[in-house]
Amino acid sequence: QVQLVESGGGLAQAGGSLRLSCAASGRTFSSYGMGWFRQAPGKEREFVAAISRFGGNTDFGDSVKGRFTISRDNVKNTVYLQMNSLKPEDTAVYYCAATLQLPYSTAYYSPATYTYWGQGTQVTVSS
């Protein structure tokens, strides 16, 4: 089992940047594929980014491609989401999630693939 704790959310202006962190504890972090999702009020949970166990594969949702990057540090047991060129429509609660499912695939785009979730961190982007 793994516990996930997100941090780094807050208020940013449009065009600004934030970096989210997700610290993991429990079983070996490198056993897990990791994902970031977000959910705005009244909307479904949306895929943001995913990364394979050792970082060799990454994918992004269409709405964040070219603006967000995902990375991980398996020594620090942490996955990061660097968010640049923020837009008001990026406002949401951001969640990190972990999965033991292999191999890395487009299944990582689906919330159903993930077993473990953090509590979420609010990101608000003002215009």
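Note: the structure precedes this text.
Below or above, wherever it landed, is the structure these notes cover. (Residues numbered from 1 in each chain as written. Predicted model: local features only at pLDDT ≥ 70, side-chain atom pairs only at ≥ 80, totals over all residues. Heavy atoms only, no water.)

### With respect to the side chain of Arg 38
Inclusion rule: Elements are defined by DSSP. Helices are runs of H or I of four residues or more, strands are runs of E of two residues or more, and each kind is numbered from the N terminus. In protein, a polar contact requires one atom able to donate a hydrogen and another able to accept it; more generally it is a pair of N or O atoms within 3.5 Å, and residues adjacent in sequence count only if both atoms are side-chain atoms.
Mapped onto the fold, Arg 38 is located in strand β4 (residues 33-39). Side-chain polar atoms of Arg 38 contact the side chain of Ser 63, separated by 3.1 Å. A distance of 2.9 Å separates polar atoms of two side chains, one belonging to Arg 38 and the other to Tyr 94.

### Some thoughts on the pairing of strand β9 (residues 92-99)
Condition: Only protein chains enter the area calculation, which uses a 1.4 Å probe; residues under 20% of their type maximum are buried, those over 50% are exposed, and those in between are partly exposed. Two strands are said to pair when DSSP picks up at least two bridges between them.
Where burial is concerned, most of β9 is hidden: seven out of the eight residues are buried. Relative to β9, β4 is paired through seven bridges, and the arrangement is antiparallel. Residue pairing in the sheet places Met 34 in a bridge with Ala 98 of β9. Relative to strand β11 (residues 121-126), β9 runs antiparallel, the two sharing three bridges. Residue pairing across strands places Ala 92 opposite Val 123, the latter belonging to β11. Two strands pair when backbone bridges link them, and β9 and strand β10 (residues 116-117) are joined in this way by two bridges, in the antiparallel orientation. Looking across to β10, one finds that Ala 97 is bridged to Trp 117.

### As for the packing of aromatic side chains
Stated formally: Only centres within 6.5 Å qualify two rings of Phe, Tyr or Trp (six-membered ring in Trp) as a pair; their planes then separate them into stacked at under 30 degrees, edge-to-face at over 60, and tilted for everything else. The rule for a charge over a ring is simple: NZ of Lys or CZ of Arg within 6 Å of the ring centre, and within 35 degrees of the ring normal.
Scanning the entire structure with this criterion turns up nine aromatic pairs. What links up through ring pairs into an aromatic cluster is the set Phe 37, Phe 47, Tyr 95, Tyr 104, Tyr 108, Tyr 109, Tyr 114 and Trp 117. Positioned above the aromatic ring of Tyr 95, the side-chain terminus of Arg 45 is 4.0 Å from the ring centre. Looking at Arg 45, its charged tip hangs above the ring of Trp 117, at a distance of 4.8 Å from the centre.

### Quick notes on the nonpolar core
In a soluble, globular protein the nonpolar side chains are often hidden away together inside. Let me state the cut-off plainly: As used in this record, nonpolar core signifies buried Ala, Val, Leu, Ile, Met, Phe, Trp, Tyr and Cys residues forming a set joined through side-chain atoms within 4.5 Å.
In terms of nonpolar packing, the biggest core is built from 30 residues, with Leu 4, Met 34, Trp 36, Leu 81, Met 83 and Tyr 94 touching the most fellow members. Counting residues in each nonpolar core, the second largest holds seven residues, with Phe 47, Ala 50, Tyr 104 and Tyr 114 among its members.

### Section: the pattern of salt bridges
Oppositely charged side chains may form a pair once their charged atoms are brought near each other. To keep it simple, the criterion reads: Any Lys or Arg side-chain nitrogen located within 4 Å of an Asp or Glu carboxyl oxygen qualifies as a salt bridge.
For the structure shown, the criterion picks out four salt bridges. When the shortest N-O distance is used, the salt bridge between Glu 46 and Arg 38 registers 2.8 Å. Using a relative accessible area of 5% as the deciding quantity, one classes Arg 38 as buried. Ionic pairing is found between Asp 90 and Arg 38, a salt bridge with its closest N-O pair at 2.9 Å. Here the residue Asp 90 occupies a position in the loop between β8 (78-83) and β9, and Arg 38 occupies one in strand β4, the gap between them amounting to 52 residues.

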